[in-house]
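Coordinate inspection notes
Chain by chain, the residues:
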Amino acid sequence: MRKITFSKYSGAGNDFILIDNRNGKFKEDKKLIAGMCARGTSIGADGLILLENSDKADIKMHYFNADGGEAEMCGNGTRCLVAFADKCGISKKEYSIQTMERILHASRKGDDIALEMGEVLDTLLNIQIEVEAIEHTVHFTNTGVPHAVLFLDNLEAFDLQSLGSKIRYHQRFQPKGT
């Protein structure tokens, strides 16, 4: 069995597994990452974040969703990464963070971490998609990570696990999903 040293952080309702991978020893393994993020049977998390060296910024973020798939970045996860970098000895008041899509900037004031997300890349309003024979109106925006927004009258009646996944992987948002 392989030994992996990790930390677990929580930010604004999301939780993450963080690994200091500046030595490059943790290799991307979708099945392993999904297994580590599985709730109830493992550590459980919304995603896994690798802290890596960067030749373009102070640090590099390598982000994986809970299903093990690589993603551009995560805002709450980036704030957790800055706190983790401090614990790993990279203590700064301001950070530049390399992500898959761009360089982000974060600053610390005590325990508070502010993140500048940068420019919104795309916004498309009132997109009609069909999911399970029902027409939905969604809005798309890419803040560095593609998001689909659906306004609801009754949030409790919305099956986020099932319908959320079907919207995420809908053909309209391929190849990256949302």
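Here is what the cut-offs are and how they apply
- The numbering scheme is per chain: residues are counted from 1 as the chain's sequence reads.
- In keeping with the model being predicted, local features are shown solely for residues with a pLDDT of at least 70 and side-chain atom pairs are shown and tallied solely at 80 or more, while totals for entire chains, interfaces and linings include all residues.
- Side-chain measures were taken over the full set of non-hydrogen atoms in the model, leaving aside hydrogen atoms and water.
- Runs of H or I in DSSP of at least four residues are treated as helices and runs of E of at least two as strands, each being numbered from the N terminus.
- Contact criterion: two residues are considered in contact whenever any of their non-hydrogen atoms come within 4.5 Å of each other.
- In the sections that follow, a salt bridge refers to a side-chain nitrogen of Lys or Arg positioned within 4 Å of a carboxyl oxygen of Asp or Glu.
- Buried, partly exposed and exposed residues are distinguished by accessible area as a fraction of the type maximum, computed with a 1.4 Å probe on protein chains only: under 20%, between the cut-offs, and over 50%, respectively.
- Whether a crossover is right-handed comes down to one check: with the strands pointing away from the viewer, does the path from the first strand over the helix to the second run clockwise; if it does, it is right-handed.
- Strands are treated as partners if at least two bridges between them are detected by DSSP.

Some words on the environment of Asp-122
- As for its position among the elements, Asp-122 is in strand S9 (residues 122-131).
- When the C-alpha atoms of Asp-122 and Thr-78 are compared, they prove to be 21 Å apart, with 44 residues separating the residues in sequence.
- The residues touching Asp-122, leaving out its near neighbours within four places in the chain, are Phe-140, Thr-141 and Asn-142.

Examining the pattern of salt bridges
- Taken as a whole and judged by the stated rule, the model has ten salt bridges.
- The closest approach of N and O atoms between Arg-39 and Asp-15, which form a salt bridge, is 2.6 Å. Placement of Arg-39 in the loop between helix H1 (30-37) and strand S3 (47-52) and of Asp-15 in strand S2 (residues 14-20) is noted, with a sequence separation of 24 residues between them.
- Between Arg-168 and Asp-67 there is a salt bridge, with its nearest N and O atoms 3.6 Å apart. In this pair, Arg-168 is assigned in helix H3 (residues 160-168) and Asp-67 in the loop between strand S4 (59-65) and strand S5 (70-71), connecting sequence segments 101 residues apart.
- Among the ionic contacts, a cluster of salt bridges with common partners joins Lys-8, Asp-15, Arg-39 and Asp-46.

Quick notes on the environment of Asn-154
- Mapped onto the elements, Asn-154 comes out in the loop between strand S11 (146-149) and H3.
- As for Asn-154 and Asp-46, which are separated by 108 residues in sequence, their C-alpha atoms are 24 Å apart.

Comments concerning the pairing of S3
- Burial analysis of S3 places six of its six residues in the buried class, which makes it a mostly covered element.
- Regarding the hand of the β-α-β motif, the stretch spanning S2, H1 and S3 is right-handed.
- Sheet analysis places S3 next to S4, joined by six bridges and oriented antiparallel. Each bridged residue has a counterpart across the sheet, and for Ile-49 the counterpart in S4 is Tyr-63.
- The hairpin turn running from S3 into S4, its antiparallel successor, is six residues long.

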